[in-house]
Amino acid sequence: KDPKKTLLRLLRYLKAYSPRLIIVMLCVFATAIAQITGSTALGNLVDDFILPMVANGNSDFAPVVTFLTELAAIYVVGIIASFLLNYLMVGVTQGIQKQIRDAASRYIKDAVANAPAANNIPVIQIESKTAQINDAIEYDLSERMSDTFGVVVSGVDIGAIEIDKSSEGYRQLM
């Protein structure tokens, strides 16, 4: 199938999470900047503070403590940004998974409900034609899931679906 169309459909699911995703991107940048700054700062610490202190015999550690305090603050910002982006992404991931599950559930219910009429199976023969209905639903569901989400369905088993034979709707059909 066309991956571009699939991606565009999936992006529609992300639209509701746009504010969160913007914050996530900002957190990614903050985390990256904190990591880069921390790595380069250690070299500066040695070159600008420790080596001159050793060369001069200076024992005033106030500039080093100030530098390390600033470095610690940068690392704390990076840690908070990393935590926040992971926290937000868990919510986005769970929300999208729920949307996909709900869509799949709707597709399955629609396919099961319409299978007898779509395949010219009398209602009284539904139970004896389970394999035929299953094949039709599996094909339909595979196509819809592939087109909508790019997901390959390896198998469907409607035999696990139980019919409440004591329900009013079932009795009306009989």
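Residues numbered from 1 in each chain as written. Predicted model: local features only at pLDDT ≥ 70, side-chain atom pairs only at ≥ 80, totals over all residues. Heavy atoms only, no water.

1. Regarding the overall build of the protein chain
Part 1 of the argument: Tallying secondary structure elements over the protein chain gives five helices and zero strands in all.
Part 2 of the argument: Taking 2.2 N^0.38 as the reference for a compact globule, 174 residues should give roughly 16 Å; the C-alpha atoms of the protein chain span a radius of gyration of 30 Å, well beyond that estimate.
Part 3 of the argument: The dimensions of the protein chain, computed from C-alpha atoms along their principal axes, are 100 × 35 × 25 Å.
Part 4 of the argument: Per-residue burial for the protein chain yields a buried fraction of 22% across its 174 residues. (Helix = DSSP H or I, 4+ residues; strand = E, 2+ residues; numbered from the N terminus. Rg over C-alpha atoms; globule rule 2.2 N^0.38 Å. Buried < 20%, exposed > 50% of the residue type's maximum accessible area, 1.4 Å probe, protein only.)

2. Remarks on the pattern of salt bridges
Part 1 of the argument: Tallying each qualifying case throughout the model produces two salt bridges.
Part 2 of the argument: The partner of Lys98 in a salt bridge is Asp102, and the shortest N-O contact between them spans 2.8 Å. Separated by four residues within a single helix, Lys98 and Asp102 lie in helix α3 (residues 62-118), roughly one turn from each other.
Part 3 of the argument: For Asp102, a relative accessible area of 32% translates into the label partly exposed.
Part 4 of the argument: The closest approach of N and O atoms between Arg144 and Asp110, which form a salt bridge, is 3.3 Å. Separated by 34 residues along the polypeptide, Arg144 in helix α4 (residues 130-149) and Asp110 in helix α3 bring together distant segments of the chain.
Part 5 of the argument: Note on Arg144: relative accessible area 29%, which makes it partly exposed. (Salt bridge = Lys/Arg side-chain N within 4 Å of Asp/Glu carboxyl O.)

3. Considerations on the environment of Phe83
Part 1 of the argument: If you trace the backbone, Phe83 turns up in helix α3.
Part 2 of the argument: Sequence separation between Phe83 and Ile96 is 13 residues, and the spatial gap between their C-alpha atoms is 20 Å.

4. Details of the environment of Ile33
Part 1 of the argument: Tracing the backbone through its elements, the reader meets Ile33 in helix α2 (residues 18-56).
Part 2 of the argument: Sequence separation between Ile33 and Asn134 is 101 residues; the distance between their C-alpha atoms is 54 Å.

5. Comments concerning the side chain of Ser142
Part 1 of the argument: Among the secondary structure elements, Ser142 is positioned in helix α4.
Part 2 of the argument: Taking the relative accessible area as the measure of exposure, Ser142 reaches 18% and is therefore buried.
Part 3 of the argument: With sequence-adjacent residues up to four places away left out, Ser142 is seen in contact with Val151 and Val153. (Contact = heavy atoms within 4.5 Å.)

Limitation: the analysis is restricted to geometry and does not speak to function.
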